[in-house]
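# Descriptive structure summary
Chain residues, written in single-letter form:
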Amino acid sequence: MSINKVVAGPKEAIQGIQDNMTIMFGGFGLCGIPENAIAAVREQGAKGLTCISNNAGVDGFGLGLLLETRQVKKMISSYVGENDEFERQMLSGELEVDLIPQGTLAERCRAAGAGIPAFFTPAGFGTEVALGKEVRWFNGKPHILEHAFDASFAFVKAQKGDTAGNLIFNATARNFNHAMAMAGKVTVAEVEELVPVGELDPNEIHTPGIFVQRIFKGETFEKRIEQRTVRPKA
Amino acid sequence: MLDKNGIAQRIAQELKDGYYVNLGIGIPTLVANYIPQGMDVEFQSENGMLGMGPFPFEGEEDADLINAGKQTITALPGAVYFDSSTSFAMIRGQHVDLTVLGAMEVSDSGDIANWKIPGRMVKGMGGAMDLVASAKNIIVAMMHTNKAGESKLLRQCTLPLTGVKCVTRVVTNLAVMDITDQGFKLLETAPGVSVEQVKNATEGRLIIEGDIPEMKL
């Protein structure tokens, strides 16, 4: 027997989201973002959210949708500003923005899921990122202390999942989804294809279902491309 | 004097067979166009892949397959995908042999500034701080001076830093220099560029020892 984590849809999947919560959103740019959960959070209307996500979407898509409705109080990201509304809110002071190095962002997710409360990294030493942080030298090199995140929910997106929450990602859409799945107190996975347990080869699973509390098949995935770059056929 | 492609072409000479390489956005991306014939190198993209290939043919682009600049790309045979924390384990753990980055400023002690201009919209450092803090071999690709003709190779950076004492080599439109304890050590000048021109364009300490050869492209 395996544990059935399937919920009916995005509305059920986001149950428990409240104002002022800290929520993780997987994805890199618009690649591998939990589109259906974002739409459901917008619909549900929770405000004052702190969003941990590598990027902040674009106008009208991805986390840009939650910025439009002013549901986000603070963004914790490594790279932002491909988004006019984001820029406007940031410059006007409506939106708090915490920019942190991408590897530190990933490791703060992984650490949260792995029971590591804090860790030392060389990234950011000697820069404004290190301000106020403990410095220690290891192997002749300075490192700064960074803490694991603490997020009530993590929304991730996978290509395939089974009813027990085991996940398989496609190509670079894996990005932050795996570490965030580990980190969420409640991790919600939306998948393009949902299969019964036993159908996924255990050797091929990227994220074990133990990290996932809820799973659903997304109704639609727009999968917008941010920078379409091609070469002509010879 | 070199253009951006020339800088990339010169940096490609730093590649060695079997290297894993991370290329930053801008001039560094162009390095991939000049891999010497018969040499095997693999490109790491910090959003989670090794074995990055060229842009896809029109109509074959895949929203799930992008590089760190969010551009659609392809995968070469032997490519592998992984999650962000594994990607930065490769970077922090010094498994990447060569990192090529752009910069707004570099100091003669190897500090680099390339992420923030105060007063302008700040977009973030992305993976640059992790890369510069850990990579053992960092080559900076940049123009020697800004549009106003002012040196970008300085005694001390004026912009907010991305990392300290981390750059190993700088390749500009005018010259190739190594970072040493005494400052920028001039190794080569660009075709048609005199040592005097490099001197005039360099605000940081510049070490000139003996005859400086011209770059071969």
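Refer to the structure above for everything that follows.
The structure presented is a predicted model; accordingly, all values stated were derived computationally and were not measured. (Residues numbered from 1 in each chain as written. Chains lettered and ligands numbered in written order. Predicted model: local features only at pLDDT ≥ 70, side-chain atom pairs only at ≥ 80, totals over all residues. Heavy atoms only, no water.)

Let's shift gears to the interface of chain B and chain A. At the junction of the two partners, chain B supplies 48 residues and chain A supplies 54 residues. Summing both partners gives a buried area of about 4200 Å² for chain B against chain A, and 60% of it is carried by carbon and sulfur. When the area that chain B buries against chain A is broken down by residue, the three leading residues are Asp 64, Lys 70 and Met 121 of chain B, summing to 19%. If you look at where chain B meets chain A, you find five salt bridges. The shortest N-O distance in the salt bridge between Glu 61 of chain B and Arg 228 of chain A comes to 2.6 Å. One can count 26 residue pairs in polar contact (both at pLDDT 80 or more) joining chain B with chain A. Within the residue set of the side of chain B that touches chain A, elements represented by two or more residues are helix H3 (84–92) and helix H4 (128–134) of chain B. (Contact = heavy atoms within 4.5 Å. Buried area = accessible area lost by both parts, 1.4 Å probe. Salt bridge = Lys/Arg side-chain N within 4 Å of Asp/Glu carboxyl O. Polar contact = N/O pair within 3.5 Å; in protein donor to acceptor, adjacent residues only side chain to side chain. Helix = DSSP H or I, 4+ residues; strand = E, 2+ residues; numbered from the N terminus.)

The next point concerns helix H2 (residues 35–44) of chain A. Taken together, the buried positions of H2 of chain A are Glu 35, Asn 36, Ala 37, Ile 38, Ala 40 and Val 41 of chain A. Among the residues trailing H2 of chain A, Gly 45 of chain A stands out with phi positive, at a value near 90 degrees. (Buried < 20%, exposed > 50% of the residue type's maximum accessible area, 1.4 Å probe, protein only.)

To continue, consider the pattern of salt bridges. All names here are of chain B. A complete count under the given rule lists 24 salt bridges over all chains for this structure. Between Glu 188 and Arg 10 there is a salt bridge, with the nearest N and O atoms lying 2.9 Å from each other. Taken together, the positions of Glu 188 in strand E12 (residues 183–189) and Arg 10 in helix H1 (residues 4–12) put the pair 178 residues apart, joining distant regions of the chain. When its relative accessible area of 4% is taken as the criterion, Arg 10 is described as buried.

Time to look at the state of the cysteines. For the structure shown, the criterion picks out zero disulfides over all chains. Unpaired in this structure, Cys 109 of chain A has its nearest cysteine sulfur neighbour in Cys 51 of chain A, at a distance of 13 Å. Residue Cys 166 of chain B stays outside any disulfide, its sulfur separated by 9.1 Å from that of Cys 157 of chain B, the closest cysteine. (Disulfide = S-S within 2.5 Å.)

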